[in-house]
Amino acid sequence: MTTLTVDNLKVAVDKKLILHGVSLTLRSGEVHAIMGPNGTGKSTLAGAIMGDPRYEVVAGDIQLDGESIVGLPVDERARLGIFMGMQLPVAVPGVTLSTLIRAALRAKEGKVQLLDYMRKLKRALALLDMPPEMANRDLNVGFSGGEQKRAELLQLMMLTPAVALLDEIDSGLDIDALKVVARGINAMRGPHFAGLLITHYQRLLTYVQPDFVHVMMGGRIVKTGGAAVATELEQKGYTRVRDELGLDIPLVDEGV
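Below, the structure is looked at part by part. All of these numbers come straight from a predicted model, not from anything done at the bench.

Another point: the environment of L251. Inspection of the secondary structure assignment puts L251 in the segment after α9 (238-244). Among the residues examined, L251 registers a relative accessible area of 27% and is labelled partly exposed. The contact partners of L251, leaving out residues within four places of it in the chain, are P37, M217, Y238, T239 and R242.

Counted under the stated rule, the structure contains eleven salt bridges. The partner of D129 in a salt bridge is R183, with the nearest N and O atoms 3.6 Å apart. In this pair, D129 is assigned in the loop between α4 (114-127) and β8 (138-139) and R183 in helix α6 (residues 175-188), connecting sequence segments 54 residues apart. On the basis of relative accessibility, which here comes to 34%, the residue R183 falls in the partly exposed class. For the salt bridge of R189 with D211, the shortest nitrogen-to-oxygen distance reads 3.3 Å. One end of the pair, R189, is in the loop between α6 and β10 (194-199); the other, D211, is in the loop between α7 (203-207) and β11 (212-217), and 22 residues separate them in sequence.

Attention now goes to the pairing of strand β12 (residues 220-225). Note: β11 against β12, five bridges, orientation antiparallel. What sits directly across from M217, in β12, is R220. Counting the residues in the hairpin turn of β11 and β12 gives two residues, including G218, whose phi is positive at 60 degrees.

Here the phi dihedral of K15 falls at roughly 70 degrees; this positive angle occurs in a residue that is not glycine. Following the sequence through the fold, K15 ends up in the loop between β1 (3-13) and β2 (16-27). Given a relative accessible area of 73%, K15 falls into the exposed group. Positive phi, close to 50 degrees, is recorded for E168, a residue that is not glycine. Mapped onto the elements of the fold, E168 is located in the loop between β9 (163-167) and α6. On the basis of relative accessibility, which here comes to 9%, the residue E168 falls in the buried class.

Once that is clear, we can look at the sheet that holds β9. Spatially, β6-β9-β10-β3-β11-β12 is the arrangement adopted by the six strands of the open sheet, whose pairing is mixed. Only two strands of the sheet have a single partner each, and these edge strands are β6 (82-85) and β12. Strand-to-strand twist in this sheet, taken as the mean axis angle between neighbours without regard to direction, amounts to 20 degrees. With four bridges joining them, strand β3 (residues 31-35) and β11 adopt parallel strand pairing. For M35, the partnering residue across the bridge sits in β11 and is V215.

Parameters and conventions
- Residues numbered from 1 in each chain as written.
- Predicted model: local features only at pLDDT ≥ 70, side-chain atom pairs only at ≥ 80, totals over all residues.
- Heavy atoms only, no water.
- Helix = DSSP H or I, 4+ residues; strand = E, 2+ residues; numbered from the N terminus.
- Buried < 20%, exposed > 50% of the residue type's maximum accessible area, 1.4 Å probe, protein only.
- Contact = heavy atoms within 4.5 Å.
- Salt bridge = Lys/Arg side-chain N within 4 Å of Asp/Glu carboxyl O.
- Pairing = 2+ DSSP bridges.
- Axes fitted to C-alpha atoms, helices over the stretch in contact; angles between N-to-C directions.

Now the structure itself:
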């Protein structure tokens, strides 16, 4: 069983404090969702957990199974089993999607059995409604938004991480693509997987039922509950929920 613990985390970007003391615990077998308006620190939290050097941890801790990972680079955190599906995946000309996945598997496991790899890849492509030739395309080069998100899910399914951070994996998707992405996430669920979904909207959570929903505002988690919290946000909106909680937090887009 894997446990990711975020303890009173404070994070700055360009010397500006974005996270003001975030705490949460994510365990194997659980899927958590973080919802909140633009600029509240959701992506900052994911980036800090993954070790993106743009995000400076100024206080608090991030632990994986009781060991701090704050000082570890991104690749070490990935080898420990943390995966991040990016909101805006980078295009990499000259590197195919399949090549990237095989290289990542070799870095993680040391050796890749080609026949096993091809069987697993075929199953994952089929589950995500991706044509086989897509695995041989250069990573995200000319990919549509839906193709980019499916490519992220394909990497997730092939690498089978212990912890997945999915940053707005639903953004820009039509309903059919959203259902496919949800199918991929649900296929990963089980006793050896923990997922953290970052989203603005309740619609993804219609298809991926979260165990916990955290509401972030102003760089803090201000409310936690079950799946019903997402429905409440959809019905009331962030402003009304903020006012009901008696919070003095501006709901503005600060690009974090």
